[in-house]
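# Reading the structure
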Amino acid sequence: MTVSIENGQLIVTVNEQGAEMTSIKHKETGLEYLWTADPQYWGRHAPILFPIVGALKNSTYRYEGKEYTLPQHGFARDRQFEVVAKEADRVSLCLKADEATKAVYPFDFELYVHYELGGEGLQVRYEVKNPAAKELLFSVGGHPGFNVPLTDDLTFEDYYLAFSPMKSRITLPLKGAFIDAAQKTLSATNTNLRLSHEMFANDALVFESKGLTKITIASDRSPHSVSVAFNNMPYFGIWSPYPKEAPFLCIEPWAGIADTLEATGELSEKLGIQTLAPGETFMTKYAITVK
């Protein structure tokens, strides 16, 4: 089942399976901004990453002396969410712990995903609640893909990434699916970055993020663009599958990150892990703005 929200400018469709956006369409221009999930390239639109972001070494982690297995990016993207609130321009969906989740992730949790339209943009808000009497360890993040090019008369290489604020950021290179933290470098995000498929030859580009960050996909040959902005997300990834030369790009804000090469496997020691006290709530968000 899907639900739709709209305002004067946009119509957004969300699938209850995974609480995943499947469309962001501009009413006046008819432009579809969200990736179409063509399985030839990547069969998802904008999955939610929970309770981990990225991959675990050997797909396993340890907690309280026991070993558990989780796939890359966790299980939320494949679970059925419940719509808990709905208005014309906003919708909230929820996933709660059950026997199936506790078999691979031994925590009580409530994950709420809120989508709210305003003007030319969409706010995506994650809310994680800890209803248990012990700490909750988790990561959460977004993985929205956007059509690049946005119109048929352009190509992927006609676009560039613009970063705001324009400053250098730390890059965390991947070795396989894992972060090679010892090789982190300072990247030139103080200038626009021209897109090419080859830039993803080593998988995603992963950055540290401090404070407000905005990444815009734009072209000098088009008035149309899409931006992703966030504040309380300590990492972000930029990805397009290589060597498929896929016509889309993902901008992924993360409160969490893949295992490092040196990861011990202990969940409490995992880089980027969030710790939530009993009865507390964690909230973070990102915004998508289109032209």
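Scroll up to find the structure this text is about.
Residues numbered from 1 in each chain as written. Predicted model: local features only at pLDDT ≥ 70, side-chain atom pairs only at ≥ 80, totals over all residues. Heavy atoms only, no water.

## Some words on the layout of surface pockets
Empty space left among the atoms is revealed by rolling a probe the size of a water molecule over them. Convention followed: Only protein atoms enter the calculation, which uses a 1 Å grid: trapped sets of points that fit a 1.4 Å probe without letting it out are cavities, open sets showing protein on both sides within 12 Å along at least five of seven lines are pockets, and any residue with an atom within 4 Å of a point is a lining residue. Grid points are joined across faces, edges and corners, and a volume is the space filled by probe spheres set on the points. For this classification, the nonpolar set comprises Ala, Val, Leu, Ile, Met, Phe, Trp, Tyr, Cys and Pro, the charged set comprises Asp, Glu, Lys and Arg, and every other residue, Gly included, is treated as polar.
Taken as a whole, the largest pocket encloses approximately 300 Å³ of empty space. Q72, H73, H143, D203 and A204 are, among the 20 residues lining the largest pocket, the residues nearest its centre. Estimated volume of the second largest pocket: approximately 170 Å³. Around the second largest pocket, the lining residues are T171, L172, P173, L174, M199, F200, A201, N202, D203, A204, L205 and V206. Looking at the lining of the second largest pocket, its residues break down into 9 nonpolar, 2 polar and 1 charged.

## So, the pairing of strand β1 (residues 2–6)
Condition: For each residue, the accessible area found with a 1.4 Å probe, counting protein chains only, is set against the maximum for its type, and the residue is called buried under 20%, exposed over 50%, and partly exposed in between. Each helix is a run of H or I in the DSSP string that is no shorter than four residues. Each strand is a run of E no shorter than two, and both are numbered from the N terminus. DSSP-based pairing: two strands are paired if at least 2 bridges between them are found.
The two faces of β1 differ: V3 and I5 on one face are buried, but T2, S4 and E6 on the other face are not. Two strands pair when backbone bridges link them, and β1 and strand β2 (residues 10–15) are joined in this way by 5 bridges, in the antiparallel orientation. Bridging from a neighbouring strand, V3 pairs with V14 of β2.

## Regarding unusual backbone geometry
Residue P165 is reached from S164 by a cis peptide bond, and omega for that bond is -5°. Mapped onto the secondary structure, P165 falls in the loop between β14 (159–164) and β15 (169–171). Residue Y242 is joined to P243 through a cis peptide bond whose omega torsion reads 10°. Position of P243 among the secondary structure elements: in the loop between β23 (235–239) and β24 (248–255). With a phi angle near 70°, H73 is a residue other than glycine that sits in the positive phi range.

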